Amino acid sequence: LLGLVYLALSWEAPQGTTTVVLPAPANEPEPEPDASEPASNLPRIRIQPETPPPAQANTEVEVAPAPVEVTETEPEPEPERSSEPAVQLPSLSNSDSFVLDALRGLQNGAALVRLVSDEQLIRSFVVLVDNVSRNSFPQTNLPYRGMSEEMPVRTLDDNLYVMDQAAHGRFDDIIDTFVSVDTGAAMALYRSMSPLFQRAYAELGYGGDAQFDAALQQAIGNVLRMELPEGPYQLVKPSVMYLYADAEIENLPAVHKQLIRLGPENTARLKNKLRQFADRL
């Protein structure tokens with residue numbers, strides 16, 4: 001050790017030589033210490049920023065639902081409607097036997113056929129409906145057979161009478177037969193013969209737009225709106241026919257006076273049946 005110290009103190013640099021200073025390896029400059037921070041003898045540790053991991057591809061595969069196949073169905077073509085009526089109708093003038101046969105097919109039809117006329121039945125029915133729709137009443141060519149029994153009366157004096165209660169009973173069988181007819185079957189029959197009724201209605205002179213259905217509705221409505229005056233009903237007989245002694249009753253529409261002859265009970269039953277028909281018109 002003493003020898004080395006001696007050599008170091010006695011060493012002289014050679015003359016005429018060139019000192020080559022090799023540059024230090026290129027290292028990153030260290031940051032200067034912050035003057036505000038106290039000096040530390042501990043070694044400095046450089047903290048490198050953590051490199052974020054590389055993004056990983058999403059391995060989950062979203063499976064879309066399979067498309068639902070919709071089969072479009074073409075609409076079925078509507079069946080062609082025949083312009084011909086479902087029932088082959090006869091001519092209006094030759095329709096009586098056809099109508100009577102159809103009436104026999106109804107419930108209690110045989111009893112109904114015994115009451116109705118057998119000559120130009122549709123035409124006479126249309127005339128009756130037309131008259132009643134105007135608060136009138138035809139005296140001839142009615143669609144039903146006339147009453148052979150005279151109206152029973154009680155005599156009060158030489159020219160004054162009163163209608164007997166038995167007078168209303170003459171119409172019991174007629175009303176019984178009428179109300180016993182099946183309403184639905186009767187309306188179906190009426191609809192099947194509607195062209196004949198419309199043709200007969202046109203013969204009365206109404207325009208082509210006038211509908212027999214409307215006249216029938218009006219006629220039924222007139223009957224339903226009528227209220228009977230209270231009896232007893234006094235009568236006079238200036239000629240062959242009886243007239244009501246009360247001028248107010250005598251001046252009532254003819255169809256109204258016909259309901260008085262039926263009596264209150266038969267009139268109520270008739271109205272109830274007519275309401276059923278009106279509901280189906």
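Residues numbered from 1 in each chain as written. Predicted model: local features only at pLDDT ≥ 70, side-chain atom pairs only at ≥ 80, totals over all residues. Heavy atoms only, no water.

Draft legend 1. Molecular detail of the pattern of salt bridges. All chains considered together, the criterion is met by eight salt bridges. Measuring nitrogen to oxygen at the nearest pair gives 2.8 Å for the salt bridge that ties R104 to D101. Within this pair, R104 and its partner D101 are both found in helix α2 (residues 96–104), separated by three residues, close to a single helical turn. (Salt bridge = Lys/Arg side-chain N within 4 Å of Asp/Glu carboxyl O. Helix = DSSP H or I, 4+ residues; strand = E, 2+ residues; numbered from the N terminus.)

Draft legend 2. Geometry of the confidence of the model for the chain. Taken over all residues, the pLDDT of the chain has a mean of 80, while the share at 70 or more is 70%. Counting contacts from residues 35–40, a segment whose pLDDT is below 50, to residues more than four positions away or on other chains yields zero contacts. In this model, residues 81–85 is a region of pLDDT below 50 whose contacts with residues beyond four sequence positions or in other chains number zero contacts. (pLDDT = per-residue confidence, 0-100. Contact = heavy atoms within 4.5 Å.)

Draft legend 3. Molecular detail of the nonpolar core. Residues L103, I122, V126, V132, F197 and F212 are the most contacted members of the largest nonpolar core, which totals 41 residues. Beyond its immediate sequence surroundings of up to four residues, V132 is in contact with F137, A219, N222, V223 and V255. Formed by nine residues, the second largest nonpolar core is a distinct cluster that contains A167, Y233, L235 and I260. (Core = buried A, V, L, I, M, F, W, Y, C linked by side-chain atoms within 4.5 Å. Buried < 20%, exposed > 50% of the residue type's maximum accessible area, 1.4 Å probe, protein only.)

Draft legend 4. Main features of the pairing of strand β2 (residues 160–163). Across four bridges, strand β1 (residues 153–157) lies against β2 in antiparallel orientation. Considered in β2, the bridge of R154 is made with V162. Hairpin connection of β1 to β2: two residues between the antiparallel strands. (Pairing = 2+ DSSP bridges.)

Draft legend 5. Main features of α2. Buried within α2 we find D96, V99, L100 and L103. Buried residues of α2, seen end-on, are gathered within an arc of 95 degrees and therefore sit on one face of the element. (Arc of directions from axis to C-beta.)

Draft legend 6. Structural detail: the packing of helix α7 (residues 183–192) against helix α12 (residues 264–280). Taken N-terminus to C-terminus, the directions of α7 and α12 make an angle of 50 degrees; their axes are 10 Å apart at the nearest point. With respect to their mutual orientation, α7 and α12 come out oblique. Seen along the crossing, α7 lies across α12 with a hand that is right-handed. Two secondary-structure elements touch here, α7 through T183, G184, A186, M187 and R191 and α12 through K273, Q276, F277 and R280. Along the lines of polarity and charge, the residues of the contact of α7 with α12 split into three nonpolar, three polar and three charged. (Axes fitted to C-alpha atoms, helices over the stretch in contact; angles between N-to-C directions. Parallel < 35°, antiparallel > 145°, perpendicular 65-115°, else oblique. Left-handed = near helix turned anticlockwise from the far one by under 90°. Nonpolar A, V, L, I, M, F, W, Y, C, P; charged D, E, K, R; others polar.)

Draft legend 7. Broad picture of the environment of V113. Tracing the chain through its elements places V113 in helix α3 (residues 109–115). For the pair V113 and Y144, spaced 31 residues apart in sequence, the C-alpha to C-alpha distance is 9.2 Å. Beyond its immediate stretch of four places on either side in the chain, V113 contacts L100, L103 and R104.

Draft legend 8. Layout of the sheet that holds β2. Spatially, the four strands line up as an open sheet ordered β1-β2-β3-β4, and their pairing is antiparallel. Here the strands that pair on one side only, and so sit at the sheet edges, are β1 and β4 (243–244).

Draft legend 9. Expanded view of the side chain of H256. Mapped onto the elements of the fold, H256 is located in helix α11 (residues 254–262). Its relative accessible area of 9% is what places H256 among the buried residues. Not counting residues within four places of it along the chain, the set of residues in contact with H256 comprises M226, E227, L228 and P229.

Draft legend 10. Region of interest: the side chain of N131. Mapping N131 onto the fold places it in helix α4 (residues 121–133). In this structure the side chain of N131 is engaged in a polar contact, spanning 2.8 Å, whose partner is the backbone oxygen of V127. For N131, the contacting residues outside a window of four places in its chain are S136, F137 and P138. (Polar contact = N/O pair within 3.5 Å; in protein donor to acceptor, adjacent residues only side chain to side chain.)

Draft legend 11. Structural view of unusual backbone geometry. Omega for the bond connecting G231 with P232 falls within 30 degrees of zero, at 5 degrees, which places this linkage in the cis form. Position of P232 relative to the elements: it lies in the loop between α9 (212–225) and β3 (234–236). Residues other than glycine seldom take positive phi values, yet N108 does so here, at roughly 60 degrees. By the secondary structure assignment, N108 is in the loop between α2 and α3. Phi at Q120 is positive, roughly 50 degrees, even though this residue is not glycine. Inspection of the secondary structure assignment puts Q120 in the loop between α3 and α4. What makes Q120 partly exposed here is its relative accessible area of 26%.

Draft legend 12. Representation of the packing of α4 against helix α8 (residues 194–202) within the structure. Running from N to C, α4 and α8 cross one another at 65 degrees; their axes reach a closest spacing of 9 Å. In this structure, α4 meets α8 at a crossing whose hand is right-handed. The segment α4 lies against α8, with I122, R123, F125, V126 and D130 engaging L196, F197, A200 and Y201. Taken together, the residues that form the contact of α4 with α8 break down as seven nonpolar, no polar and two charged.

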